[in-house]
Amino acid sequence: MNGAELLVRCLENEGVKYIFGIPGEENLALLEALRTSSIKLILTRHEQAAGFMAATYGRITGRPGVCLATLGPGATNFVTSVSYALLGGMPSLFITGQKPIKKSKQGRFQIIDVVGMMEPITKMTKQIVGADSIPALIREAFRTAVNEKSGPVHLELPEDIAAEQSDVQPFPVTDIQPPLAAGEALEEVAELLQQAKNPLLLIAAAANRRQTCAALGNFIERSGIYFFSTQMGKGVVSEYHHRSLGTAALSEHDYLHCAIDKADVIIIVGHDVVEKPPFFMTRDGVEVIHVNYFSAAFDEVYFPQYEVIGDISDSINRLASLVKADSLGGDGYFKVLKQGIIDNVFKRQRPRSFPYTPQQLTGVIRDVMPEDSILSLDNGMYKIWFARNYRSTSSLSVLLDNALATMGAGLPVAVAAKMLFPKRNVVAVCGDGGFMMNSQELETAIRLQLDLTILLLRDNGFGMIKWKQAGMGLPAFGLNFGNPDFVKYADSYGAHGYRVEEQGKLSLILAHCLETPGVHLIELPVDYAENESILIEELRAKTCLIG
């Protein structure tokens, strides 16, 4: 068999089911090998979107998602999604083509140093220089991608290596078992928690894996500890739990930051400083315990005094056995504060106005969405409101990016999620700015015959940056744009387009879309006036003496 056939056989050996991407002429041998394989090629309309889909596959399954591009411009289009996977800790394999490396008559046409380009944004990047090396490189790539901290790897397959003959076979697939934390470290942390007056638990991105949900749920139930999450840790334990204080959508001054100010010990599970800080540590403040697969990266706002390094599920299960039952609930302040958070964040009477405010929007969607639904958030002002006001019920039921925080990912992420969970409702929430960066993937979703809903929030500008610009006292400049008629735009692809034009219609249209097969796009004008009135003025004026 040739190198391309061998590579595909190795991918099949690793259990790969899908490859997302756009082949080029340098990938034709690989494309032919895929044609007769068990792997399904998901042809996308942009390489960046293919990378987002592969990263999402890795994020949800824990197994590397795989994507494909050609050399030159195809490879450079991968850069944003590779970076997304790197900061987000999403195992993924990016494969690119290349001209023949032994003899080529095309000079330097389309050639850049792709391996060099990928070096700072991947865990591993290699050019394949001989077909016989493919099994070892594929096995090492998959091992590297899933080893903590998980992330992206890259292999470049030149045309002549793809054509080169080989008779070697794939390596057997083996699992990597993460190391276990030292017993002494767990005993020290248990004693510290037991002595605390108001201990608090923070759940972050690396804990947002299915295998850790049960461990953390058991720890909370046994110990009685109150908890909150970072944006990427959202839903590991249901936010309707009686000990949940919500999600840290802001870095300071929100209602749940009253709990942080009151806490004397915070145990942080799965945090990585690549995620926007849920709060700012101070040197004379709370003592912080870092529990993760890997050591903390010290930063000006994150410098934990204690570390428990090893498999998170094992660490939390063992810690649960070391603390006394129902002993970490604090002195009663968190119980009072929780009611204040419910009253001020989740149950406040939302004014019936049009256009919808973010609080109205999140409330309507939470009311309409079935409990097992998946929400994919692009990046924009609305992401803060969904992180803060939309309560998640399970792990990975809200897919958002708070690490690279790139625009344009919402729709491709939703496509991958729907492929993995065809029986669950999946809704992508996108701003008009982010949506238009990868809106062409509407065609991909339709071609795949997915049942998918896109909620498009229109404010005719880059709303998050407008908010920041105004907050700095700067005049409005450079952030407004025009938009197509989104209903006609959806219809032109063969999707179903809707426009909400009055109060009360969103819930009816959304319910219809969730019950009706096909791809649906709902255009909704949104009023961000509450950015200033609530996220700045109200929170600045609030008191932490809630009761």
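Shown above is the structure to which this text applies.
Treat the numbers as computed from the prediction; the structure is a model and nothing was measured.

Student: Can you break down the sheet that holds strand β11 (residues 287-292) residue by residue, with the values?
Tutor: Pairing is parallel across the open sheet formed by 6 strands, whose spatial order is β9-β8-β7-β10-β11-β12. Of all the strands in the sheet, the pair left with one neighbour each is β9 (244-247) and β12 (306-309). The mean angle between the axes of side-by-side strands here comes to 20°, regardless of whether they run parallel or antiparallel. For strand β8 (residues 226-229) and β9, the ladder comprises 2 bridges, and the chain directions are parallel. In the sheet register, Ser229 faces β9, and the bridge partner there is Thr247. Where helix α10 (residues 210-223) meets the sheet, its contacts fall on β7 (199-203), β8 and β10 (265-269), and the angle it forms with β7 comes to roughly 165°.

Student: Residues and numbers for empty space enclosed by the protein, please.
Tutor: One pass over the full model with this rule turns up 5 cavities of 30 Å³ or more. There is about 50 Å³ of room inside the largest cavity. Of all the elements in the fold, those that place two or more residues in the lining of the largest cavity are β9 and α13 (333-346). Looking at the lining of the largest cavity residue by residue, the class counts come to 6 nonpolar, 2 polar and 2 charged.

Student: Summarise the packing of aromatic side chains; cite the residues concerned and give the values.
Tutor: A full pass over the atoms with the stated rule returns 12 aromatic pairs. Relative to Phe334, the ring of Tyr333 lies with its centre 6.3 Å away and its plane at 65°, an arrangement referred to as edge-to-face. Comparing Tyr333 with Phe334 shows no difference in burial state: the two are buried. Here the aromatic rings of Phe435 and Phe486 are separated by 6.1 Å at their centres, their planes lie at 75°, and the arrangement is edge-to-face. Of this pair, Phe435 sits in helix α17 (residues 432-435) while Phe486 is found in helix α20 (residues 486-493), placing the two residues 51 residues apart along the sequence. Residue Phe435 shares its accessibility class with Phe486, and that shared class is buried. Through pairs of rings, three or more aromatic residues link up here, namely Phe435, Phe486, Tyr489 and Tyr493. When the ring centre of Phe346 is taken as reference, the NZ or CZ atom of Arg391 above it lies at 4.3 Å. Positioned above the aromatic ring of Phe421 is the side chain of Arg424, whose terminal nitrogen or guanidinium carbon lies 4.8 Å from the ring centre.

Student: Quick rundown of the packing of helix α14 (residues 358-368) against helix α21 (residues 505-515)? Include the residues and the values.
Tutor: The N-to-C vectors of α14 and α21 enclose an angle of 40°; their axes lie 10 Å apart at closest approach. Between α14 and α21, the angle falls in the class oblique. Between α14 and α21 lies a crossing whose hand is right-handed. Contacts between α14 and α21 involve Leu361, Val364, Ile365 and Val368 from the former and Leu506, Ser507, Leu510, Ala511 and Leu514 from the latter. Of the residues contributing to the contact of α14 with α21, the split by class is 8 nonpolar, 1 polar and no charged.

Student: I'd love a proper account of the layout of surface pockets, names of residues and values included.
Tutor: Its boundaries defined by the atoms lining it, the second largest pocket holds a volume of some 610 Å³. Lining the second largest pocket are 21 residues, with Leu250, Lys276, Ile384, Trp467 and Lys468 sitting closest to its centre. Elements that contribute at least two residues to the lining of the second largest pocket include exactly α15 (381-389), α19 (463-471) and α22 (530-541). Here the lining of the second largest pocket is built from residues that sort into 9 nonpolar, 7 polar and 5 charged.

Student: An account of the pattern of salt bridges is requested, with residue identities and associated values reported.
Tutor: What the rule picks out here adds up to 15 salt bridges. Its salt-bridge partner being Lys149, residue Asp272 comes within 2.7 Å of it at the nearest N-O pair. Taken together, the residues span a long stretch of sequence, with Asp272 in the loop between β10 and β11 and Lys149 in the loop between α7 (134-146) and β6 (152-158) at a distance of 123 residues. Here Asp272 falls in the buried class, since its relative accessible area comes to 14%. When the shortest N-O distance is used, the salt bridge between Arg318 and Asp314 registers 2.8 Å.

Student: For the pairing of strand β2 (residues 40-43), give the residues involved together with the corresponding values.
Tutor: As paired strands, strand β1 (residues 18-21) and β2 are joined by 4 bridges and run parallel to one another. Looking across to β2, one finds that Tyr18 is bridged to Lys40. Note that the unit made of β1, helix α2 (residues 28-35) and β2 has a crossover that is right-handed.

Rules behind the numbers
Residues numbered from 1 in each chain as written. Predicted model: local features only at pLDDT ≥ 70, side-chain atom pairs only at ≥ 80, totals over all residues. Heavy atoms only, no water. Pairing = 2+ DSSP bridges. Helix = DSSP H or I, 4+ residues; strand = E, 2+ residues; numbered from the N terminus. Axes fitted to C-alpha atoms, helices over the stretch in contact; angles between N-to-C directions. Contact = heavy atoms within 4.5 Å. 1 Å grid on protein atoms, 1.4 Å probe; cavity = no way out; pocket = protein on both sides within 12 Å on 5 of 7 lines; lining within 4 Å. Points joined across faces, edges and corners; volume = space filled by probe spheres on them. Nonpolar A, V, L, I, M, F, W, Y, C, P; charged D, E, K, R; others polar. Phe/Tyr/Trp six-rings, centres within 6.5 Å; stacked < 30°, edge-to-face > 60°. Buried < 20%, exposed > 50% of the residue type's maximum accessible area, 1.4 Å probe, protein only. Lys NZ or Arg CZ within 6 Å of the ring centre and 35° of its normal. Parallel < 35°, antiparallel > 145°, perpendicular 65-115°, else oblique. Left-handed = near helix turned anticlockwise from the far one by under 90°. Salt bridge = Lys/Arg side-chain N within 4 Å of Asp/Glu carboxyl O. Right-handed = clockwise from strand over helix to strand, strands pointing away.

Read these as geometric descriptors, not functional statements.
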